[in-house]
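Read off the chains here:
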Amino acid sequence: MISVCMATYNGERFIKEQLTSILSQLQPEDEIIVSDDSSTDSTLDIISSFNDSRIKIFNNENTRGVNSNFENAIRHSNGDIIFLSDQDNVWAADKIKLCLKEIGTSDCVVHDCSITDENLRIVNNSLFSTINAREGLLHNIFRNGFTGCCMCFRKELINSILPIPSSKSYYYDQWIGLRAELKGKTKFIKTPLTKFRRHESNISSASSVSHLSFFKKIHYRVLLVVNLFLFDYKQSYK
């Protein structure tokens, strides 16, 4: 069973195209878990208009932010393999099939994507080449290559990644990827399987350039490493 975990917030412009590209690949027993962060536009109306029982919507009473919004979606998922999805991209027609083939003995798979403008015109054929994405704990602490909309992982990882720390210094995808590096095996595949749409409302970590000072970057990475290695200790005392 596949669970696609999607975090939404005021995504009315592109949500229909994204959902259409996902639903065409799902089996009847699969699901899309939508966690909506109190949208004020027509996002939820557009999602509901699909009238598809595989789509399950969970509304946040208050705006939580991207990390908590994805955590909410993951908590409500039931699938054996969990895919993460933004609200504004477009999946390749064979994305799920190829990711299931590639995951093999791995716990988390990350695939490449092409970067487009808001009209899906390709401006860069490979995000991987731009950010030097590859496996490795230390590499991804200092130069994150885990991009949420390009990731899927086994449900067995859930207890190792939740709760996601409510930190403004790193995003959910880096946290999930690094925990997967610590607890299991990750695999990066160079096939672009998503059109990553860049526009003025992007909040994904892959769409932004850090403007932090050198010392701030070091400070945040220290906090990240501390959280990564204290996570299991804290969980054992709950």
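Structure's up top.
The following paragraphs examine the structure supplied in this document.

With that settled, the discussion passes to the pairing of strand E2 (residues 31-36). Where a strand is regular, its side chains alternate between the two sheet faces. Counting buried residues in E2 gives six out of six residues, a clear majority hidden from the surface. What you see with E2 is no split at all: Glu31, Ile33 and Ser35 on one side and Ile32, Val34 and Asp36 on the other are buried throughout. In the classification by handedness, the crossover that spans strand E1 (residues 2-8), the intervening helix H1 (residues 15-23) and the parallel E2 is right-handed. Direction of pairing for E2 relative to strand E3 (residues 55-59): parallel, over a ladder of five bridges. Following the sheet pairing, Ser35 is matched in E3 by Phe58. Crossover E2 to E3 through helix H2 (residues 43-48) is right-handed.

Among the residues making up helix H4 (residues 95-103), those that are buried are Lys95, Ile96, Cys99 and Ile103. One side of H4 carries all its buried residues, which in axial view fall inside an arc of 90°. More than 90 degrees from the buried face of H4, the exposed residues found are Lys97 and Lys101. Looking at the buried positions of H4, the neighbouring elements they touch are E1, strand E4 (81-85), strand E5 (90-91), strand E6 (108-116), strand E8 (151-154) and strand E9 (186-197). Just downstream of H4, Gly104 is the residue with a positive phi angle, here 45°.

Conventions adopted
- Starting afresh in each chain, residues are numbered from 1 along the sequence in its written order.
- Only residues with pLDDT of at least 70 are given local features in this predicted model, and only at 80 or more are side-chain atom pairs given and counted; all residues enter the totals for whole chains, interfaces and linings.
- Hydrogens and waters are ignored; side-chain quantities use all the structure's heavy atoms.
- Exposure categories follow from relative accessible area, calculated using a 1.4 Å probe and restricted to protein chains: below 20% of the type maximum is buried, above 50% is exposed, and the middle band is partly exposed.
- For helices the rule is a DSSP run of H or I covering at least 4 residues; for strands it is a run of E covering at least 2, with both sets numbered from the N terminus onward.
- For a crossover, the right-handed case is the one in which the path from the first strand over the helix to the second runs clockwise, viewed with the strands pointing away from the viewer.
- One bridge is not enough; two strands pair if DSSP finds at least two bridges between them.
- Think of the arc as the fan of directions from the helix axis to the C-beta atoms.
- We call two residues in contact whenever any of their non-hydrogen atoms come within 4.5 Å of each other.

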